[in-house]
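# Coordinates in review
What follows is the residue order along each chain.
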Amino acid sequence: MNVKTDLRDLTYSRLTEYMEGLGLPASRARFVFAWLQRPGTRDFSQMVDVKKEIRAALAEHSVISHLVPAAVEKSRDGTVKFAFSLDQGAAVESVLIPEKGRHTLCVSSQAGCAMGCRFCLTGAMGLCRNLRPGEIVGQVLAVLEYMMGAGVVRTPPRELINNLVFMGMGEPLANYDNLIAALRILMDERGLEFTERRITVSTCGIVPRISDLGRDVRVNLAVSLHAADDETRSRLMPVNRAYGVDDLLDACRSFPLPGKKVILFEYILLKGINDAAGDARRLAEKLQGIPCRINLLPYNVTQSLHYQCPGEEHILQFQKILRDAGYRTFIRSSRGADISAACGQLASTGNKR
Ligand code: SAH
Ligand code: SF4
């Protein structure tokens, strides 16, 4: 069987090569690319500024995939969760978070996750499969289409979503090549034009890939740290047995950030495990010299995992120690908890392993 190429998987340079390979003029690639990155493009017939013969040749060899949400759930706090069913039994979710007139979209990079962090529901599912670039970009296009349909039409699509964070399902750096292709597509000025400052990739700490990311593309980096000592971190996050805390922080020190940006460290607070005053002091010590911000994530209790969240007083104490040590530290109360859209709660039941 001849499988057709999905043009939504292609970066601009790959699309140009692809069209040349079909004997089509490379000069038309920018028009085709612009259509592919427009929410609502489903079919070659929509590409009115591209010659009919070119459209016919493309239609013969390729397809334009698109994602349609299987379900859209709205939280009381305005957060919207989109569930997508993909082929091969995969299912992913994206979460749109409105805040002070701005919108952040949290996208997934894999269906499930193989990293096995003990506190994370996505981790408990295991990995179903990697997402293709078109499925990563497709989440953004589908959400933009939803927003435009909801009446926010006057704004050009590229301004509707202010920030894109790779904090949904999956470990982005474990799906590296597809992540890079998706970033290149999303950041292309001929398309959606997300600037480097508006994109954040979050990782559990696959150290060699952090260096690769810094070399290949300029984006903001978030690191799920969750413990500042190897013993605790290895217990919570198996990845730490391969790449320990010091190696991880060295990779952070040499990561080239977009101008004036800092690394975001995420630190989940688990009662009795990583929330003691000594843990906060050790964290402050370890992060010395790294331009950073710390987000404390009170653990979102899930029934299947047996951790607890510390009390509010305790969390404030932890924050105070870090603030007194000079770190910008915020408590990120989770959004969309009532619709299971909060951090660590994304675990579509659709995924088949
Ligand atoms: N795999 C990447 C991207 C996912 S980001 C990473 O781990 O960084 C999702 C964030 O939510 C991570 O910081 C993760 O550690 C955190 N998280 C997972 N389970 C959680 C839970 N139950 N409560 C609060 N945060 C959680
Ligand atoms: Fe995977 Fe991130 Fe969850 Fe760990 S926290 S299991 S890396 S999604």
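Just so it is clear, the model here is predicted, and its values are computed rather than measured.

### Regarding the overall build of the protein
Counting its secondary structure elements, the protein contains twelve helices and 14 strands. Its C-alpha atoms give the protein a radius of gyration of 21 Å, near enough to 20 Å, the size a compact globule of 353 residues would have. Its C-alpha atoms put the protein at 70 × 40 × 40 Å along the principal axes. Classification of the 353 residues of the protein by burial places 55% in the buried group. Partitioning the contacts of the protein with sequence separation of at least 6, the portion at a separation of at least 24 is 66%.

### Details of the domain arrangement of the protein
Along its sequence, the protein is carved into domain 1 (5–63) and domain 2 (71–339). Its C-alpha centre places domain 1 at a distance of 33 Å from the equivalent point of domain 2. Opposite the 15 residues of domain 1 that make contact, domain 2 presents 16 residues. When the buried surface of domain 1 facing domain 2 is broken down by residue, D9, Q37 and P39 rank first, second and third, together holding 44% of it. Along the contact surface separating domain 1 from domain 2 lie three salt bridges. Of the charged contacts, one joins R132 and D6 as a salt bridge, the two residues approaching to 3.1 Å between their closest N and O atoms. If you look at where domain 1 meets domain 2, you find five residue pairs in polar contact (both at pLDDT 80 or more). Across the side of domain 1 that touches domain 2, the residue classes tally to six nonpolar, three polar and six charged.

### A short note on the side chain of R55
Examined against the element boundaries, R55 turns out to sit in helix α3 (residues 52–61). Buried and unpaired, R55 has no salt bridge, with D43 as the nearest side chain of opposite charge at 7.1 Å. In terms of polar contacts, R55 uses its side chain to reach the backbone carbonyl oxygen of S45, at 3.5 Å.

### Structural notes on the environment of L173
If you trace the backbone, L173 turns up in the loop between β9 (163–166) and α7 (176–187). A relative accessible area of 2% means that L173 is categorised as buried. When the C-alpha atoms of L173 and D212 are compared, they prove to be 9.4 Å apart, with 39 residues separating the residues in sequence. If we skip the residues at most four places from it in the chain, L173 touches L179, V201, T203, I206, R209, I210 and L213.

### A word on the packing of aromatic side chains
A complete count under the given rule lists four aromatic pairs for this structure. A centroid spacing of 5.6 Å and a plane angle of 80 degrees characterise the contact between Y12 and F33, whose relative ring orientation is edge-to-face. Taken together, the residues Y12 in helix α1 (residues 12–21) and F33 in helix α2 (residues 29–36) connect sequence positions 21 residues apart. Each member of the pair, Y12 as well as F33, is classed as buried. Seen in terms of ring centroids, Y299 and Y307 are 5.9 Å apart; in terms of plane orientation they differ by 80 degrees. Their pairing is edge-to-face. Exposure remark for Y299: the relative accessible area of 3% places this residue in the buried category.

### Some remarks on empty space enclosed by the protein
Tallying each qualifying case throughout the model produces one cavity of 30 Å³ or more. Every residue lining the largest cavity is counted, 13 residues in all, and those nearest its centre are R8, H66, L141, A142 and E145. Tallied by class, residues from the lining of the largest cavity come to four nonpolar, five polar and four charged. Built from parts of two domains, the lining of the largest cavity gets at least three residues from each of domain 1 (5–63) and domain 2 (71–339).

### Details of the environment of V201
Tracing the sequence through the fold places V201 in strand β10 (residues 199–203). Judged by relative accessible area, V201 falls into the buried class, the value being 0%. Non-local contacts of V201, meaning those with residues more than four positions away in its chain, are made with F166, P172, L173, L179, L183, L213, V219, N220, L221 and A222.

### Section: the site of ligand 1
If you check the shell around ligand 1, you find 19 residues, and the closest are G170, S202, S224, H226 and N300. Measuring from a nitrogen atom of ligand 1, one finds a side-chain N or O atom of E171 at 3.2 Å. One of the backbone nitrogen or oxygen atoms of N300 is found 2.9 Å away from a nitrogen atom of ligand 1. Across the complex, the protein chains shield 94% of the 540 Å² of accessible surface that ligand 1 would expose by itself. Elements with a contribution of two residues or more to the shell around ligand 1: β10 and β12 (263–269). Broken down by class, the residue content of the shell around ligand 1 amounts to nine nonpolar, eight polar and two charged.

### Considering the site of ligand 2
Surrounding ligand 2, one finds C113, M115, G116, C117, C120, G123, G170, E171 and C204. Looking at the shell around ligand 2 residue by residue, the class counts come to five nonpolar, three polar and one charged.

### Focus: the pattern of salt bridges
Counting across every chain of the model gives 17 salt bridges. In this structure, a network of salt bridges that share partners links the residues D6, D9, D87, R129, R132 and E135.

Definitions and limits used
As a convention, each chain's residues are numbered from 1 in the sequence order in which they are written. Here the convention is simple: chains get letters from A, ligands get numbers from 1, in the order in which they are written. Where local features are concerned, this predicted model is filtered to residues with pLDDT of at least 70; where side-chain atom pairs are given and counted, the filter is 80 or more; whole-chain, interface and lining totals use all residues. Side-chain measures were taken over the full set of non-hydrogen atoms in the model, leaving aside hydrogen atoms and water. We count a stretch as a helix when DSSP gives it H or I for four or more residues in a row; a strand needs E for two or more, and each element gets its number in order from the N terminus. Each radius of gyration is computed over the set of C-alpha atoms, and the globule rule expresses the reference value as 2.2 Å times the number of residues to the power 0.38. Think of it in three bands: with a 1.4 Å probe and only protein chains considered, a residue is buried below 20% of the maximum accessible area for its type, exposed above 50%, and partly exposed in between. Contacts are assigned to residue pairs that have any heavy atoms within 4.5 Å of one another. An automatic or database domain assignment provides the domain bounds reported here. Here's the idea: put two parts together, see how much 1.4 Å probe accessible area each one loses, and the total over both is what we call buried area. Between Lys or Arg on one side and Asp or Glu on the other, a salt bridge is scored when a side-chain nitrogen of the former is within 4 Å of a carboxyl oxygen of the latter. The term polar contact refers here to a pair of N or O atoms within 3.5 Å; inside protein, the definition further demands a hydrogen-donor-capable atom paired with an acceptor-capable atom, and it admits residues adjacent in sequence only when both atoms are side-chain atoms. Residue polarity is assigned by list, with Asp, Glu, Lys and Arg as charged and Ala, Val, Leu, Ile, Met, Phe, Trp, Tyr, Cys and Pro as nonpolar; anything else, Gly included, falls into the polar class. For this count, His and the chain ends are skipped, Lys and Arg are scored as positive, and Asp and Glu as negative. Ring geometry is summarised as follows: Phe, Tyr and Trp rings, the Trp one being its six-membered ring, pair when their centres sit within 6.5 Å, and such pairs are stacked at plane angles under 30 degrees, edge-to-face over 60 and tilted between the two. Put plainly, a pocket is an open set of points on a 1 Å grid over the protein atoms alone with protein on both sides within 12 Å along at least five of seven lines, a cavity is a set where a 1.4 Å probe fits but cannot get out, and a lining residue has an atom within 4 Å of a point. Grid points are joined across faces, edges and corners, and a volume is the space filled by probe spheres set on the points. Whether a residue is near a molecule or strand depends on its heavy atoms: it is near if one of them lies within 4 Å of it. Values of accessible area rely on a 1.4 Å probe in the Shrake-Rupley scheme; residue burial ignores everything except the protein chains shown.

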